[in-house]
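Structural overview for review
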Protein chains: 2
Amino acid sequence: MINKIVKPTLVLNKKIALNNIKKQIQISRKNNIILRPHFKTHQSLEIGTWFKSLGIKKITVSSLKMAEYFSAQWDDITLAFPVNIREIKTINTLLSSITLNLLLESVFVLKFLEKNLTNKANVLLKLDAGYGRSGINIENLEEVNKIIEHSKKMKNLTLAGFLIHNGHTYSSRSIDDILSIHSKSMKKINFFHQKIVDNSNYVISIGDTPSCSVINNYEKTIHEIRPGNLVFYDLAQWQIGSCKIEDIAIRMVCPVVSIHSDRNEAVIYGGAIHFSKDFIKINKNKVFGYVYSSGSDIWSDNKSIGYLKLVSQEHGIVKFYKIPERLHEGNLLSIIPVHSCLNANLMKKYLTDDGKIIEMMKD
Amino acid sequence: MINKIVKPTLVLNKKIALNNIKKQIQISRKNNIILRPHFKTHQSLEIGTWFKSLGIKKITVSSLKMAEYFSAQWDDITLAFPVNIREIKTINTLLSSITLNLLLESVFVLKFLEKNLTNKANVLLKLDAGYGRSGINIENLEEVNKIIEHSKKMKNLTLAGFLIHNGHTYSSRSIDDILSIHSKSMKKINFFHQKIVDNSNYVISIGDTPSCSVINNYEKTIHEIRPGNLVFYDLAQWQIGSCKIEDIAIRMVCPVVSIHSDRNEAVIYGGAIHFSKDFIKINKNKVFGYVYSSGSDIWSDNKSIGYLKLVSQEHGIVKFYKIPERLHEGNLLSIIPVHSCLNANLMKKYLTDDGKIIEMMKD
């Protein structure tokens, strides 16, 4: 199938993705915690069925639109993004058919919801255990207690627990780095658990992909994990230390359109509107993807021949370590993208290794 | 209309865009050169009609898909991207209904086209006058002459001229920088013209947005310009020196979803899947957009109150110079994006200031 590709194409290896999912399911079962995978990475009902067939019943999404899309097949969805109160109509519609768990971090939003919700809803309080993007500081027990007290007066709202995203593990460059950040965060979480959660029905949900990739034994204070990216992984996760190259389940396949042997470079059809502009830095070079020759089995080829050094709207510039002999325009290259979530979001569909097209959520 | 927005929305000011287009048309008429605007920025048939109503007859696109889309209303299209020979079927289909000018830079592709084209086509030879992305070095007359000689033997192909994109003007930080790069490039182009183009029917086409924004008088060696971004402009073009803030015709309007007064920050619904990950650097800070309050007239407000310091998939983090009093969740902010082409490509439609939805090319 690969050799029939004419345009930049996102290729998915189902076997690798299933292995990534299964590994995570095993860990969650062993620890007796809920695995509520984040579906913002794949954004596909069909890929969702792979999780469902392995026993997953609850999911996470990052937008209301995604919640609507997945509500066709899932009835317990956490929207892990602070409630956008301007979308209250859609929230109410969705609440009439599924369990939608909403995320908030202020009394203002709590009161808005109590006043405007037409159905009962669960809310999760967003806590910040060190990342610094959103959420109440997990050590600010006064503020947390204020919201807990307010929530007790609410009729349509149930405070179900606390949600944490340790996005700062993304700065890791080794398994030790990840473990160190996770451990610091867990100290705060355990203290919080002791002060607030113990002897209650509140749940604590964590689950960045780096931590979920390296933690085998969770402490009893954790009830749920929500990794997303680990279904596919990508070059950023590889650099972080979450996975090996052979765990990465997607590759872009792109045609060569122009060759510059004098500078060991080629231009591919495949740019920012296919890959996104996310890059990693390797030896001070920006890297937008690792490049592999595109033989009959792209999945067994784990020795890169160059890297994507620049992307503009449609162009990608490949820098080869040594330009392949007999390379010509029309040849295909296989490229591991830096960020699978943004890459998939741009590509809008997958070609599986057995030649099937898998659709994603549409605009 | 603005105050009814519920989700991240790309707002377009038609008057500003029309002024940008008209200014460019005046310059091209005064210089007696063809203005063949690049439509990869707006990707919209409807916005195309604005150009058509002002007398534009020829356009530029960056993909075959875009050429197909615009072929519904345009019959002379330059595909300013090296021919992807794997798409030969679509090329042939399109050539049966419109004039499609193809871009190439090697004898290999020239021969492939001669063998596989089923209709007559114009080709343009891509030259590199200093940018270093694609094209034959403009000083390599030997290689150019080789392709010219080959093209003379071809039946289905007419070598129509030479296309140059001085993308290195994007590193400019002032009008003087742009003029200096343009001037260096023009020296090479004039020499090339004297050696190759003079007394022939070949055209020379240039036209990056920075140069087109500041050049009023073109030398006689230039026959055509192809600016794209200048219909909207953006923060990157403002930093380059191409435009003023008030020339920028688009803004993103996004709801606030979480507030962190202690660090002068707020989280908006609006992230990498809306803005792209393109950023500029201002005083060592990454800036993904300039932020304005979103009053009744966002277009008259040119004094930013902060900047977008980070974007993840759906989140944007706004750093305010001083957080506005009484800011609360659900408020709207207006944001000038860094790169209008990638921003529009992600948003897929526009809301005009008079409340109309303008559709773009679909996936």
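For every chain, the first residue of the written sequence is number 1, and numbering continues from 1 along that sequence. Chain letters start at A and ligand numbers start at 1, both assigned in the order the entries are written. Two thresholds apply to this predicted model, a pLDDT of at least 70 for residue-level local features and 80 or more for giving and counting side-chain atom pairs, whereas whole-chain, interface and lining totals are computed over all residues.

**What to know about the environment of Tyr131(B)**
Numbering goes from the N terminus for both helices and strands, where a helix is a DSSP run of H or I of at least four residues and a strand is a run of E of at least two. Counting through the fold element by element, Tyr131(B) comes out in the loop between β6 (121-128) and β7 (136-137). Sequence spacing of Tyr131(B) and Met66(B) is 65 residues, and the spatial spacing of their C-alpha atoms is 24 Å.

**Side note on the nonpolar core**
Residues of type Ala, Val, Leu, Ile, Met, Phe, Trp, Tyr and Cys that are buried and joined through C-beta atoms within 7 Å form what is called a nonpolar core. Neighbour counting defines burial: a residue surrounded by 20 or more other C-beta atoms within 10 Å of its own C-beta is buried, one with 12 or fewer is exposed, and intermediate counts give partly exposed, using backbone-placed C-beta atoms. Among the nonpolar cores identified, the biggest contains 212 residues, and Leu79(A) and Leu79(B) are the most heavily contacted of them. In this description, a residue-residue contact is defined by the distance between C-beta atoms placed from the backbone, which must lie within 7 Å. When residues no more than four places from it in sequence are discounted, the contact partners of Leu79(B) are Val61(B), Leu64(B), Ala67(B), Leu100(B), Asn101(B), Leu102(B) and Leu103(B).

**Quick look at the interface of chain B and chain A**
Interfaces are often sized by the amount of accessible area the parts lose when they come together. Taken together, the contact between chain B and chain A spans 41 residues of the former and 41 residues of the latter. Counting only elements with at least two residues in the side of chain B that touches chain A, the list comes to β4 (76-82), α5 (107-116), β11 (250-260), β12 (265-269), α10 (272-275), β17 (315-320) and α11 (340-347) of chain B. Here the element with the most residues in the side of chain B that touches chain A is β11(B); it accounts for four residues. Think of it as three bins: nonpolar holds Ala, Val, Leu, Ile, Met, Phe, Trp, Tyr, Cys and Pro, charged holds Asp, Glu, Lys and Arg, and polar takes everything else, Gly as well. Classifying every residue of the side of chain B that touches chain A gives 17 nonpolar, 12 polar and 12 charged.

**Quick notes on the pairing of β11(B)**
Side-chain direction in a regular strand flips from residue to residue, so the side chains alternate between the two faces of the sheet. Residue and element names in this part refer to chain B. The element β11 is largely enclosed, with a buried count of 11 among its 11 residues. Examined bridge by bridge, strand β1 (residues 9-12) and β11 share four bridges and lie antiparallel to one another. Bridged to threonine 9 within β11 is valine 253. Note that β11 and strand β18 (residues 332-337) share four bridges and pair antiparallel. When the bridges of β18 are listed, proline 255 appears paired with leucine 332. Bridge analysis of β11 against β12 gives four bridges, and the strand direction is antiparallel. Considered in β12, the bridge of valine 256 is made with isoleucine 268. Joining the antiparallel neighbours β11 and β12 is a turn of four residues, in which asparagine 264 adopts a positive phi near 55°. In this scheme, strands are said to pair when DSSP sees at least two bridges between them.

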